[in-house]
Number of protein chains: 2
Amino acid sequence: MPNMKVAIGVDIGGTNTVFGLVDEQGNCLVQQSIKTKDFPDPEYFVAVLSAKLKELIASEKNLNVIGMGVGAPNGNYYTGTIDFAPNLNWKGVVPLVQLFEKHFSFPVVLTNDANAAAIGERIYGAAIGIDDFVMVTLGTGLGSGFVVNGNLVYGHDGFAGELGHTIVEKNGRVCGCGRKGCLETYASASGIVRTAKEFLVNSSESLLVDVEEISSKSIADAALKGDALALEIFDYTAEKLGFSLANTVALTSPKLIVLFGGLAQSGDLILKPTKKYMEAYLLNIYQNKVAIFPSKLKASDAAILGASALAWQNS
Amino acid sequence: MPNMKVAIGVDIGGTNTVFGLVDEQGNCLVQQSIKTKDFPDPEYFVAVLSAKLKELIASEKNLNVIGMGVGAPNGNYYTGTIDFAPNLNWKGVVPLVQLFEKHFSFPVVLTNDANAAAIGERIYGAAIGIDDFVMVTLGTGLGSGFVVNGNLVYGHDGFAGELGHTIVEKNGRVCGCGRKGCLETYASASGIVRTAKEFLVNSSESLLVDVEEISSKSIADAALKGDALALEIFDYTAEKLGFSLANTVALTSPKLIVLFGGLAQSGDLILKPTKKYMEAYLLNIYQNKVAIFPSKLKASDAAILGASALAWQNS
């Protein structure tokens, strides 16, 4: 039996790190996870993770590992380092690729999670065959990855694609980055919760009664039941996102925008009004040409698929 | 004597079309112009222009013409057509490249004027050796060209790079495109004149007394003499431009932004406050990393150089 080619995908999150083996068709053969927070020392983290990956590889027969892709917050493609990631315990600049190279001889590629998701979508998901698109991840924050002429846009320093930190409201909400009015303070799982809390102050009738229990999912559930306030919250969120996407389209003219992550899972509740507002704000030459699709990657595998796709793209 | 390689550069403007021959070092050997407005029929325009270009080529000995680049408003790189250009007399879709190919056997490449300027800057000007930069042309309107990974960003349809039509003020000034608050209604030669006229209503002391005579040059002249209102007008313009550039940097992370055109010729009057506001609005990871330079192309040759650079890039 010939060797089967596989790529390793690793997604490092603030809480968990998931990792697995992916074949060329985008099937996640096996996956596991460890708690990122348990490892204050990145060198020890890499040693433990590498040992687990070696076990995984050995557990399957006839595997030919072509490489490894890693997605991580503030992961820099050019330097192979994680730089000052606010949601990780590791301070300063972590030479992640260099650390992995002590354990493996195949190529290791690092980028941020949104860029990894973009490549995952292009190789296995909603953007197959599309050379110009934008990936938007609506998680706790808002991440983005830009693909232009078939290649990821890293920018001169590896830090391109921070749509979440474009300013959509001057003097708007305070952002974790220290500035005000960033898109991610409105259009993200945490942003929509902030909106709900603001709106509830002036509203008496809503299914969203318990302020402490509000989440993007509970808002979506209420909206699906026809709750007027919840629908208004989605509309407000979509207006900010649609506006920013219209300005984005005017710069790179993508054929497609893919939405991924918790908030995107509310489906048409977010997709339809976002599309409506984007079209309303678009310059005429772009109108009715840009699709907005939800991700086609299986949510449970998406992070690993995206990271592994990096390895396939570089192989 | 060996043949000297030259490229033809043609810049089609609303009023004039300038054209000339450019060598590999970016020297404009000869240039002429015709009045675009004299030619309501684009086919006749191309025939006359082609005859003049053949004369130019024949007038110099031993020339090897490697190709021709054309910059034009709404010029589409992919289709070789000028599509619905509001500032030209030609209506609808003009198959410009096809028309030229009836007269010449060398390759003909078309794009919009701002993209041509970007390539001109990269091959001969301020962006030599820089793979990620943004060209901003501050003329009557505001055009832009994005270079990413060393290549122009055309987008899926050839229409990428409309920074002038990103919305910087919701419900702001009415724009020629039919929407409101586009950046070019503030940051352009016509935009700064609008600002001056607005500001003069509430101001009694200024060198800018004659409202009808105001131009971006007269505002610059007054500012150079220390006129407080003129300086305030530049500051207001720079705030809009700096804000939009900060949002732009967050998407493509360029190493450099090149400013070109009438308003850019006011030098530090526009460069310094624009840089100041851009830095103030930038996410920390981008601060103090992005240069803003004026164009290094000789103003009188720039349009032809930019267009000819397209031909060199495709040769």
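Note that the structure is a prediction, hence the values are computed from the model and not measured.

Student: I keep staring at the relation of the copies chain B and chain A and nothing clicks. Help me out?
Tutor: Two copies of one chain are present, and they are related through a rotation about an axis combined with an axial shift. The transform that puts chain B on chain A rotates by 180 degrees and translates by 0.0 Å along the axis, for an RMSD of 0.0 Å. The transformation relating the two chain copies, once decomposed into turn and shift, fits a two-fold axis. Both copies present the same face, since 100% of the interface residues in chain B are matched by interface residues at the equivalent positions in chain A.

Student: How should the packing of aromatic side chains be read in this particular structure?
Tutor: Enumeration over the complete set of coordinates arrives at 20 aromatic pairs over all chains. Ring centres 6.3 Å apart and planes at 55 degrees place the aromatic pair Tyr 186 of chain A and Tyr 236 of chain A in the tilted group. Remark: Tyr 236 of chain A occurs in helix α6 (residues 228–252) and Tyr 186 of chain A occurs in the loop between β11 (151–152) and α4 (189–201); sequence separation between them is 50 residues. What makes Tyr 236 of chain A partly exposed here is its relative accessible area of 24%. Grouped by ring-pair contacts, the aromatic residues Phe 39, Tyr 44, Phe 45 and Trp 90 of chain A constitute a single cluster. Positioned above the aromatic ring of Phe 104 of chain A, the side-chain terminus of Lys 54 of chain A is 5.3 Å from the ring centre. Directly above the ring of Tyr 186 of chain B sits Lys 240 of chain B, whose terminal nitrogen or CZ lies 5.1 Å from the centroid.

Student: Hey, could you run me through helix α8 (residues 299–314) of chain A in this one?
Tutor: An α-helix turns once every 3.6 residues. As a result, residues three or four positions apart point the same way. Taking 1.5 Å per residue as the helical rise, α8 of chain A with its 16 residues ought to reach 22 Å, and the 24 Å between its terminal C-alpha atoms agrees with that figure. Along α8 of chain A, the sharpest change in direction is near 30 degrees and occurs at Leu 305 of chain A.

Student: Please explain the interface of chain B and chain A as it appears in this structure.
Tutor: Accessible area lost upon the coming together of the parts is a frequently used measure of interface size. Counting residues at the interface gives 41 residues for chain B and 41 residues for chain A. Across the interface of chain B and chain A, roughly 3500 Å² is buried in total on both sides, 59% from carbon and sulfur atoms. Counting every contact that joins chain B to chain A gives six salt bridges. We note a salt bridge from Asp 157 of chain B to Lys 289 of chain A, for which the minimum N-O separation is 2.6 Å. Inspection of the region where chain B meets chain A yields 22 residue pairs in polar contact (both at pLDDT 80 or more). Looking at the side of chain B that touches chain A, the elements with two or more residues in it are β10 (142–148), β11 (151–152) and α6 (228–252) of chain B. Looking at which element gives the most residues to the side of chain B that touches chain A, the answer is α6 of chain B, with eight residues.

Student: Any chance you could explain the sheet that holds strand β6 (residues 81–83) of chain A here in plain terms?
Tutor: Picture the strands of a sheet paired through backbone hydrogen bonds; they go either parallel or antiparallel. Residue and element names in this part refer to chain A. Overall, antiparallel pairing links the three strands, which are arranged β5-β6-β7 in an open sheet. One side of each edge strand has no neighbouring strand; the edge strands of this open sheet are β5 (75–76) and β7 (93–94). With two bridges joining them, β5 and β6 adopt antiparallel strand pairing. Within β6, the residue paired with Gly 75 across the bridge is Ile 82.

Student: Would you mind showing me how to read unusual backbone geometry here?
Tutor: Glycine aside, the phi torsion of most residues is negative, and most peptide linkages are trans. All names here are of chain B. Backbone geometry places Phe 84, a non-glycine residue, at a positive phi of 50 degrees. As for its position among the elements, Phe 84 is in the loop between β6 (81–83) and β7 (93–94). Phi at Asn 149 takes a positive value of approximately 50 degrees, unusual for a residue other than glycine. Its place among the elements puts Asn 149 in the loop between β10 and β11.

Student: What is the right way to read the environment of Gly 178 of chain B from this model?
Tutor: All names here are of chain B. Tracing the backbone through its elements, the reader meets Gly 178 in the loop between β11 and α4 (189–201). Among the residues examined, Gly 178 registers a relative accessible area of 64% and is labelled exposed. Note: C-alpha distance between Gly 178 and Lys 296 (118 residues apart in sequence) is 34 Å.

Student: Please clarify how helix α7 (residues 268–281) of chain A should be interpreted in this entry.
Tutor: Residues and elements named next belong to chain A. Taking 1.5 Å per residue as the helical rise, α7 with its 14 residues ought to reach 20 Å, and the 19 Å between its terminal C-alpha atoms agrees with that figure. Among the residues of α7, Leu 269, Ile 270, Leu 271, Pro 273, Thr 274, Tyr 277, Met 278, Glu 279 and Tyr 281 are the ones counted as buried. Against the buried residues of α7 lie α5 (216–224), α6, β12 (256–260) and β13 (291–294).

Parameters at a glance
- Residues numbered from 1 in each chain as written.
- Chains lettered and ligands numbered in written order.
- Predicted model: local features only at pLDDT ≥ 70, side-chain atom pairs only at ≥ 80, totals over all residues.
- Heavy atoms only, no water.
- Least-squares fit on C-alpha atoms with pLDDT ≥ 70 in both.
- Contact = heavy atoms within 4.5 Å.
- Phe/Tyr/Trp six-rings, centres within 6.5 Å; stacked < 30°, edge-to-face > 60°.
- Helix = DSSP H or I, 4+ residues; strand = E, 2+ residues; numbered from the N terminus.
- Buried < 20%, exposed > 50% of the residue type's maximum accessible area, 1.4 Å probe, protein only.
- Lys NZ or Arg CZ within 6 Å of the ring centre and 35° of its normal.
- Expected span 1.5 Å × (residues − 1).
- Bend = angle between axes of the 7 residues up to and from the residue.
- Buried area = accessible area lost by both parts, 1.4 Å probe.
- Salt bridge = Lys/Arg side-chain N within 4 Å of Asp/Glu carboxyl O.
- Polar contact = N/O pair within 3.5 Å; in protein donor to acceptor, adjacent residues only side chain to side chain.
- Pairing = 2+ DSSP bridges.

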